[in-house]
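Observations on the three-dimensional arrangement
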Amino acid sequence: MKTVIVCNHGREVPVGTAIVLDGIDAGYGGERVLKGICAELPRGRVTALLGHNGSGKSTLLGVLAGLHAPSAGSVRHDGERRPALVLQHTAVSVALPLSVRDAVAMGRWERLGWWRRTTARDHAVVRDCLERVGAADLARRQFAELSGGQRQRVLIAQGLAQESGVLLLDEPAAGLDTAARERVLAIIDEITATGTTVVHATHDDDAARRAGHCLLLERGRVRAEGRPEEVLAAASLRT
Ligand SMILES: Nc1ncnc2c1ncn2[C@@H]1O[C@H](COP(=O)(O)OP(=O)(O)OP(=O)(O)O)[C@@H](O)[C@H]1O
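So, a few notes on the structure that sits alongside this text. Please read these numbers as outputs of a predicted model, since none were measured by experiment. (Residues numbered from 1 in each chain as written. Predicted model: local features only at pLDDT ≥ 70, side-chain atom pairs only at ≥ 80, totals over all residues. Heavy atoms only, no water.)

**Section: the nonpolar core**
Ranked by size, the top nonpolar core spans 45 residues in total, and within it Leu50, Val104, Val154, Ile156 and Leu167 carry the most contacts. Sort the elements by how many residues they give to this core and helix 6 (residues 178-193) lands first, with 6 residues. When neighbours within four sequence positions are excluded, Val154 is seen to be in contact with Val100, Ala103, Val104, Ala135, Phe143 and Leu146. Ranked by size, the runner-up nonpolar core spans 22 residues in total, among them Leu21, Leu34, Leu60 and Leu168. (Core = buried A, V, L, I, M, F, W, Y, C linked by side-chain atoms within 4.5 Å. Buried < 20%, exposed > 50% of the residue type's maximum accessible area, 1.4 Å probe, protein only. Helix = DSSP H or I, 4+ residues; strand = E, 2+ residues; numbered from the N terminus. Contact = heavy atoms within 4.5 Å.)

**Re unusual backbone geometry**
At Glu163, a residue that is not glycine, the phi angle is positive and equals roughly 50 degrees. As for its placement among the helices and strands, Glu163 is situated in the loop between helix 5 (148-160) and strand 8 (166-170). Residue Glu163 is classed as partly exposed on the basis of its relative accessible area of 32%. In this structure, Arg219 is a non-glycine residue whose phi angle is positive, near 45 degrees. On the secondary structure map, Arg219 appears in the loop between strand 10 (213-218) and strand 11 (221-226).

**Considering the packing of helix 5 against helix 6**
For the pair helix 5 and helix 6, interaxial distance at closest approach is 9 Å and the crossing angle is 15 degrees. Looking at the two axes, helix 5 sits roughly parallel to helix 6. Taken as a pair, helix 5 and helix 6 cross one another with a handedness that is right-handed. Every residue of helix 6 that contacts helix 5 at Gly149, Gln152, Arg153, Ile156 and Leu160 is listed here: Ala180, Arg183, Val184, Ile187 and Ile191. Considered class by class, the residues forming the contact of helix 5 with helix 6 number 6 nonpolar, 2 polar and 2 charged. (Axes fitted to C-alpha atoms, helices over the stretch in contact; angles between N-to-C directions. Parallel < 35°, antiparallel > 145°, perpendicular 65-115°, else oblique. Left-handed = near helix turned anticlockwise from the far one by under 90°. Nonpolar A, V, L, I, M, F, W, Y, C, P; charged D, E, K, R; others polar.)

**Looking at the pairing of strand 4 (residues 31-42)**
As paired strands, strand 3 (residues 17-28) and strand 4 are joined by 8 bridges and run antiparallel to one another. Looking at strand 4, one finds that Val20 is bridged to Glu40. (Pairing = 2+ DSSP bridges.)

**Examining the layout of surface pockets**
Within this model, the largest pocket holds a volume of roughly 470 Å³. Forming the boundary of the largest pocket are 22 residues, of which Leu85, Leu87, Met106, Gln158 and Gln162 lie nearest the centre. Every element with two or more residues in the lining of the largest pocket is listed here: strand 7 (84-86), helix 3 (109-112) and helix 5. Residues of the lining of the largest pocket, tallied by class, amount to 16 nonpolar, 4 polar and 2 charged. (1 Å grid on protein atoms, 1.4 Å probe; cavity = no way out; pocket = protein on both sides within 12 Å on 5 of 7 lines; lining within 4 Å. Points joined across faces, edges and corners; volume = space filled by probe spheres on them.)

**Considering the site of the ligand**
With respect to spatial proximity, 13 residues lie near the ligand, and among them Asn53, Gly54, Lys57, Ser58 and Thr59 are the closest. Within the side chain of Ser58, an N or O atom sits 2.8 Å from an oxygen atom of the ligand. His203 is positioned with one of its side-chain polar atoms (N or O) 2.9 Å from an oxygen atom of the ligand. Isolated, the ligand exposes 640 Å² of accessible area, and the fraction of that covered by the protein chains is 59%. Contributing elements (two or more residues each) for the shell around the ligand: strand 4 and helix 1 (57-64). The biggest single contributor to the shell around the ligand is helix 1, with 3 residues. When grouped by side-chain class, the residues that make up the shell around the ligand number 2 nonpolar, 8 polar and 3 charged. (Near = heavy atom within 4 Å. Polar contact = N/O pair within 3.5 Å; in protein donor to acceptor, adjacent residues only side chain to side chain. Areas by Shrake-Rupley, 256 points an atom, 1.4 Å probe, with all protein chains shown as cover.)

**Let's talk about the pattern of salt bridges**
Think of it this way: side chains of opposite charge can pair up when their charged atoms draw near. Evaluation of the coordinates by the stated rule reveals 14 salt bridges. With a closest N to O distance of 2.7 Å, Glu229 and Arg227 form a salt bridge. Given the relative accessible area of 48%, Arg227 is considered partly exposed. Sharing partners across several salt bridges, the network here consists of Arg108, Arg121, Asp122 and Glu163. (Salt bridge = Lys/Arg side-chain N within 4 Å of Asp/Glu carboxyl O.)

**Topic: helix 6**
Between its first and last C-alpha atoms helix 6 spans 23 Å; for 16 residues at 1.5 Å apiece the expected length is 22 Å, and the two agree. Ala180, Arg181, Val184, Leu185, Ile187, Ile188, Ile191 and Thr192 are the residues of helix 6 that are buried. The buried residues of helix 6 occupy an angular sector of 155 degrees when the element is viewed end-on, so they sit on one face. What points out from helix 6, more than 90 degrees from its buried face, is the exposed set Thr178, Ala179 and Ala193. Taken together, the buried residues of helix 6 touch strand 5 (46-50), helix 4 (120-132), helix 5, strand 8, strand 9 (197-201) and helix 7 (205-210). (Expected span 1.5 Å × (residues − 1). Arc of directions from axis to C-beta.)

Here it is in structure tokens:
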């Protein structure tokens, strides 16, 4: 029997929900991009955000990360810290001289405050996060020298270093070759195995099939939500 804890615009919210989106509207200037998004994203699992270009996936990730204020509705999550947003490797400037270790340590900045005085624990977290993404041997390298796949794994480590219960990724495997893509998807699976909730935007049906839950957006509205096979079937009906 499904256990209901609260009501979300008349929808049941099962126990085990990490994030509740309740009637989210959001946009840019006068343009309304997200329109009344209601959804429940399961804790400790991967949710794949699907939809055509411009359907609002990145905007929704921004709202989930607390970087983009909704004009209506609310986001509730059960963690103490706000969700960690992992940048796409192509979105990060490589003009600055930055070691891999320093790039991951930036994930600690919000905790450190103005003086950014790191402790032994901060260093241990950075080491652990690099190990979790298989990049411990890259720690002393310059971020700019890395391949796209290596950069993406380092950015995931930066997100993990925030020690949030929720990790948000915007097309983390886009532009990577098959081996690098597979490695990123395997890391995402391993992250959820330790209890972290992952939400990632993707155009990749294989990545969606590996997810525990899918949310399909169409022109800023939820077109389908649920198990991957059901949502992918709904998606194929629209193409
Ligand atoms: N910073 C911005 N300023 C103005 N409009 C924006 C901005 N970012 C996105 N948009 C618009 O919002 C709509 C949704 O964009 P969004 O990037 O959220 O979609 P998406 O589903 O992530 O697309 P893609 O798959 O191409 O990344 C689009 O019409 C886009 O042009």
